[in-house]
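Structural characterization, general
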Amino acid sequence: MPDPSSPAAPAVPPTPPVPLSALLAREDLALRQIAGPAGPDIVIHWAHTSEMADPYPYLLGGELLLTAGVQIPEAAGTGAGAPGGAGPGPEKYFDDYVSRIVAAGGAALGFGLAPVHDTVPPALVAACDRHGLPLLEVPPQTTFSGVARAVWQLMAQARLAELRRVTEAQQSLAAAAARPDPMPSVLRQLAQRVAGWAVLYGPDGTHLAAAGRGPESEVREAMAELARVVRPVGTAAAPSADAPQPGAPAGPGRTRPAPSSAAETVAGTHLAAYALNPVQGFVLGVASPRRDPGDHTIASVAAVLLSLLTGEHHSGAGAARSSALVRLLLGAAPEAVAPLLGDDRWIVVHARPDAPAPEAKRPHPGGTGPHDAMAAAALGAALGSALVDLEEGAVRVLVPADREPAPLPGWTLGVSAPVLPGDWPAADAQAARALTRARATRAPLVRHGERTGLADLVPAEQAELHARTLLAPIAGTPALVETLRTWLSLHGSWDRTAVALSVHRNTVRQRIARCTALLDADLDDPDVRMELWFALQRTGQGRAAPARAE
C-alpha cells in the first residue's frame with residue numbers, strides 16, 4: 001500500500017548515511033570486516049557505544065554499535081546466573097545478543113580487541129553470519145571515539161556534497177522553468193537529477209508529458225495508481241451551509257481531501273507522487289532506482305515550479321479580465337473595457353519560439369497541446385502580462401506600455417508601438433510585421449518604429465519575390481545591375497555615374513538604354529525609378545565591385 005506520509009521530509013536534506021565500505025576504507029582506523037554481508041547498500045547513520053547485555057532499548061536504528069565485550073564474562077559464564085550452576089552457553093548468549101541488535105535496526109557491530117578480549121569470540125562471528133549483521137574487528141590501537149569521529153567526518157562530507165547537489169539542481173530547475181518549453185524542460189532536469197523517470201498527469205489522469213528512461217509497465221501502472229491516491233476526487237465547490245463535515249464522504253461537486261504526496265516501492269523502484277494543485281488535479285510522479293536524501297527536496301522544488309506553470313491565478317485581476325472579456329463578447333468597444341485592465345496605453349507583442357516544443361498529447365485534434373499552453377503562459381509571465389493568446393505556432397500578448405519588453409532566450413519577438421485601446425487592431429498588425437522582420441533578419445526582437453518606411457509594410461517574402469521577378473531580365477548581367485543601381489542612387493546623373501563606375505559616360509547611356517529595353521520600363525518616370533530602387537535594395541543586387549571600363 002502507498003505510504004502517504006513517506007515523502008514528507010524536511011526542506012533541508014537530512015544528514016546522509018555513510019556507506020560501511022567508506023568507513024572500512026579509512027586506513028587510519030584499520031577496521032576489518034570478519035562476518036556478515038558486505039556491499040555498497042550497507043550504510044550506517046551514526047556510531048553508538050554500549051556494554052549492555054541487551055542494547056535493544058538504547059538503539060534507534062541504523063547504528064554502528066561498538067562494544068569491547070565487557071558484559072560477556074558475566075552473562076555468558078559457565079556457572080553464573082542459572083540454577084544448578086549451569087549458565088547460558090556462548091552460542092545461546094551471542095545468538096540472543098545479535099538477534100536483539102538486528103531487531104532494533106542496528107546496521108553493524110564493531111568488536112574491540114582490547115582491553116577485555118584478544119580475539120573476537122567465534123560464537124559471535126557465527127551469530128552475525130547467521131543473522132546477517134556485519135561484524136567489524138576493531139584493532140587495539142583504534143579507539144571507539146576515533147571510529148565515531150570518522151563516522152561524523154564522513155557524514156559531514158556527504159552532507160556537503162548533498163547540499164551542493166541540491167543547490168545545483170534547484171538552479172537548473174529554475175533555469176528550465178524560464179525556457180520557452182518550461183514544462184518538458186523541468187521534467188527533463190528532474191529526471192536527470194534523480195537519475196530516473198518524471199511524469200506529469202493531467203486532472204483526468206492523462207499522461208501529459210514525461211522525461212527520462214521509462215520504467216517497466218508494472219512500474220508505470222503503479223505510478224498511475226499512486227497518482228490517483230493524491231489526486232482529489234470531485235471539483236472544488238464554494239462553501240455552503242450544508243457543506244460536509246470533516247471526514248464525511250465527498251459528494252457531487254465537492255473535493256475529497258487527499259494527501260499532498262505519497263510514496264511506494266515497486267519492483268525495486270522507488271515511486272513518489274506529488275499533488276501540484278488541489279483544485280485542478282495535476283500530479284507529478286517520480287520514479288528512481290534509489291532514494292537519496294536530497295531527492296525529495298529536488299522533487300519538491302520541481303513540484304512547486306510545475307504548480308506555478310499549471311495553476312490558474314484566482315485574484316481580483318483575474319476577475320477584472322473575466323469582466324472585460326464578457327463585455328467584449330457582449331459588444332462593448334475596446335476603449336470601454338480597457339479601464340478594467342488598469343492601463344491607458346498598451347503594446348502588442350507577437351512571438352514565436354526559436355525551436356518547436358516537443359510533441360505532446362493534444363486534448364483535441366487540431367488544438368494546442370499542453371506544452372504550447374505552458375510555454376505561452378511562461379512567456380506572458382516573463383513579459384508581465386496574463387493577457388495571452390495562443391495561436392498555431394505563435395503567441396500574442398497584450399502588455400501595458402510601461403513594461404518594456406526585452407529579448408527573451410528561445411523566443412523571437414515583434415513589438416508594436418504604444419497605442420490606446422481603440423488602436424489595438426493596428427498595433428496587432430504592427431507587431432505581426434515586426435515579428436516577420438525579426439525572423440527575416442534573425443534578430444531576437446524588433447520594435448515597430450514611429451517612422452516606419454513603406455517598404456516595411458510589405459511582407460518580406462512577397463517583397464523579395466516581386467523584386468526578383470521585376471529584375472529578372474537584367475539579373476544575369478551584373479554590369480547592367482550595378483550601373484542601374486548607381487545611376488538611380490545618383491539621381492540619374494550620367495557624369496557622376498560614369499565617375500563612380502570608372503567608365504565613359506556613353507557607356508553609362510548605353511547600359512541604361514539596354515536596361516530600359518530589357519525591363520520594358522520608362523526610366524524617366526519617377527514611380528518606375530522608385531519601384532526599381534525598392535527592388536534593388538530588397539534583393540541586394542548590384543552591390544559588387546564597380547564594373548570595369550569597356
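Quick caveat: nothing in here was measured; it's all calculated off a predicted structure.

The next point concerns the overall build of the chain. When its secondary structure is counted, the chain shows 17 helices and 17 strands. Per-residue burial for the chain yields a buried fraction of 40% across its 550 residues. Here the analysis covers contacts within the chain between residues at least 6 apart in sequence; of these, 65% occur between residues at least 24 apart.

Attention now goes to the pairing of strand β7 (residues 135-138). Both faces of β7 are covered, namely the face carrying Leu135 and Glu137 and the face carrying Leu136 and Val138. Pairing geometry for strand β2 (residues 32-35) and β7, over three bridges, is antiparallel. By the bridge assignment for β7, alanine 35 is matched with leucine 135. Pairing of strand β6 (residues 108-112) with β7 involves four bridges; the strand directions are parallel. What sits directly across from glycine 110, in β7, is leucine 136.

Summarising the element assignment, histidine 296 is placed in helix α8 (residues 295-310). Histidine 296 gets classed as buried once you look at its relative accessible area, which sits at 17%.

Reading across from one edge, β9-β8-β12-β11-β10 is the order of the five strands in this open sheet, with antiparallel pairing throughout. Both edges of this open sheet fall to β9 (207-212) and β10 (261-266), since each of them pairs with a single strand only. Neighbour to neighbour, the strand axes of the sheet diverge by 15° on average, direction disregarded. Two strands pair when backbone bridges link them, and strand β11 (residues 269-275) and strand β12 (residues 283-288) are joined in this way by six bridges, in the antiparallel orientation. Bridging from a neighbouring strand, histidine 270 pairs with serine 288 of β12. Along the sheet, α8 contacts β11 and β12; its crossing angle with β12, the most-contacted strand, is approximately 155°.

On to the side chain of serine 288. As for its position among the elements, serine 288 is in strand β12. A polar atom in the side chain of serine 288 sits 2.8 Å from the backbone oxygen of arginine 290. With residues near it in sequence (within four places) discarded, serine 288 still touches Val194, Gly196, Thr269 and His270.

With that settled, the discussion passes to the sheet that holds strand β16 (residues 411-415). Spatial ordering of the open sheet is given by β14-β15-β13-β16-β17, a layout of five strands whose pairing is mixed. Bordering the open sheet on either side are β14 (388-391) and β17 (445-447), each of which pairs with just one other strand. Going from strand to strand, the sheet's axes swing by 15° on average, the running direction of each strand aside. Bridge analysis of strand β13 (residues 346-353) against β16 gives five bridges, and the strand direction is antiparallel. Across the sheet, the residue bridging to proline 353 is tryptophan 411, located in β16. With respect to the sheet, helix α12 (residues 424-441) is in contact with β13, β15 (394-400), β16 and β17, its orientation differing from that of β13 by roughly 35°.

Take the packing of aromatic side chains next. Counting across every chain of the model gives four aromatic pairs. Taken together, a centroid distance of 5.9 Å and an interplanar angle of 15° make the contact between tyrosine 93 and tyrosine 97 stacked. Of this pair, tyrosine 93 and tyrosine 97 both sit in helix α3 (residues 90-103), separated by four residues, roughly a single helical turn. Look at tyrosine 97 and you get buried, because its relative accessible area is 4%. Considering the side-chain rings of tryptophan 487 and tryptophan 494, the 5.4 Å spacing of their centres and the 35° angle between planes classify their relative orientation as tilted. The buried category is assigned to tryptophan 487, whose relative accessible area is 2%. Feature note: the residues Tyr93, Phe94 and Tyr97 constitute an aromatic cluster, connected by ring pairs. Between arginine 100 and the ring centre of tyrosine 56, over which it is positioned, the NZ or CZ distance is 4.2 Å.

Once that is clear, we can look at a nonpolar patch on the surface. Side chains of Trp46, Leu60 and Trp152 sit close together on the surface and give an oily, nonpolar patch of about 370 Å² of accessible area. By the element assignment, tryptophan 152 lies in helix α5 (residues 144-177). Judged by its relative accessible area of 48%, tryptophan 152 is partly exposed.

Our focus in this paragraph is the confidence of the model for the chain. When pLDDT is low, close inspection of the predicted coordinates is not appropriate. Across the chain, the average pLDDT comes to 79, with 79% of residues at 70 or higher. The low-confidence segment residues 4-13, where pLDDT is below 50, has 23 contacts with residues more than four positions distant or belonging to other chains.

Turning to the pattern of salt bridges, a few remarks are in order. Going through the model one piece at a time under the given rule, you end up with 13 salt bridges. Lysine 92 is the partner of aspartate 96 in a salt bridge, and the nearest nitrogen-oxygen pair spans 2.4 Å. Of this pair, aspartate 96 and lysine 92 both sit in helix α3, four residues apart, roughly one helical turn. For lysine 92, a relative accessible area of 48% corresponds to the partly exposed category. Across the pair arginine 165 and aspartate 295 runs a salt bridge, and its minimum N-O distance is 2.3 Å. Highlighted residues: arginine 165 in helix α5 and aspartate 295 in helix α8, separated in sequence by 130 residues. Aspartate 295 sits in the buried class, given a relative accessible area of 8%. Where salt bridges share partners, they join Glu162, Arg165 and Asp295 into one cluster.

In this section: the pairing of β6. Across the five residues of β6, five count as buried, placing the element largely inside the fold. On β6, burial covers both faces: Ala108, Gly110 and Gly112 on one face and Leu109 and Phe111 on the other are all buried. Once you follow β6 into helix α4 (residues 122-131) and on to β7, the crossover reads as right-handed.

The end-to-end C-alpha separation of helix α14 (residues 478-489) is 16 Å, in line with the 16 Å expected for 12 residues at 1.5 Å each. Among all positions of α14, only Leu480, Val481, Glu482, Thr483, Leu484, Arg485, Thr486, Trp487 and Leu488 are buried. In this structure, the buried residues of α14 make contact with α15 (494-501), α16 (505-519) and α17 (526-539). Directly beyond the C-terminal end of α14, a positive phi value near 60° is found at histidine 491.

Let's shift gears to the environment of threonine 412. Among the structural elements, threonine 412 can be located in strand β16. With 58 residues separating them along the chain, threonine 412 and aspartate 354 place their C-alpha atoms 6.4 Å apart. In contact with threonine 412, other than residues within four places in its own chain, are His350, Ala351, Arg352, Asp354, Leu435, Ala438, Arg439, Ala443 and Pro444. Reaching out from threonine 412, the side chain makes a polar contact with the side chain of aspartate 354 at a distance of 2.8 Å.

Quick notes on the rules
- Residues numbered from 1 in each chain as written.
- Predicted model: local features only at pLDDT ≥ 70, side-chain atom pairs only at ≥ 80, totals over all residues.
- Heavy atoms only, no water.
- Helix = DSSP H or I, 4+ residues; strand = E, 2+ residues; numbered from the N terminus.
- Buried < 20%, exposed > 50% of the residue type's maximum accessible area, 1.4 Å probe, protein only.
- Contact = heavy atoms within 4.5 Å.
- Pairing = 2+ DSSP bridges.
- Axes fitted to C-alpha atoms, helices over the stretch in contact; angles between N-to-C directions.
- Polar contact = N/O pair within 3.5 Å; in protein donor to acceptor, adjacent residues only side chain to side chain.
- Phe/Tyr/Trp six-rings, centres within 6.5 Å; stacked < 30°, edge-to-face > 60°.
- Lys NZ or Arg CZ within 6 Å of the ring centre and 35° of its normal.
- Patch = residues over 30% accessible without salt bridge, like charges linked within 9 Å, V, L, I, M, F, W, Y side chains within 5 Å.
- Areas by Shrake-Rupley, 256 points an atom, 1.4 Å probe, with all protein chains shown as cover.
- Salt bridge = Lys/Arg side-chain N within 4 Å of Asp/Glu carboxyl O.
- pLDDT = per-residue confidence, 0-100.
- Right-handed = clockwise from strand over helix to strand, strands pointing away.
- Expected span 1.5 Å × (residues − 1).

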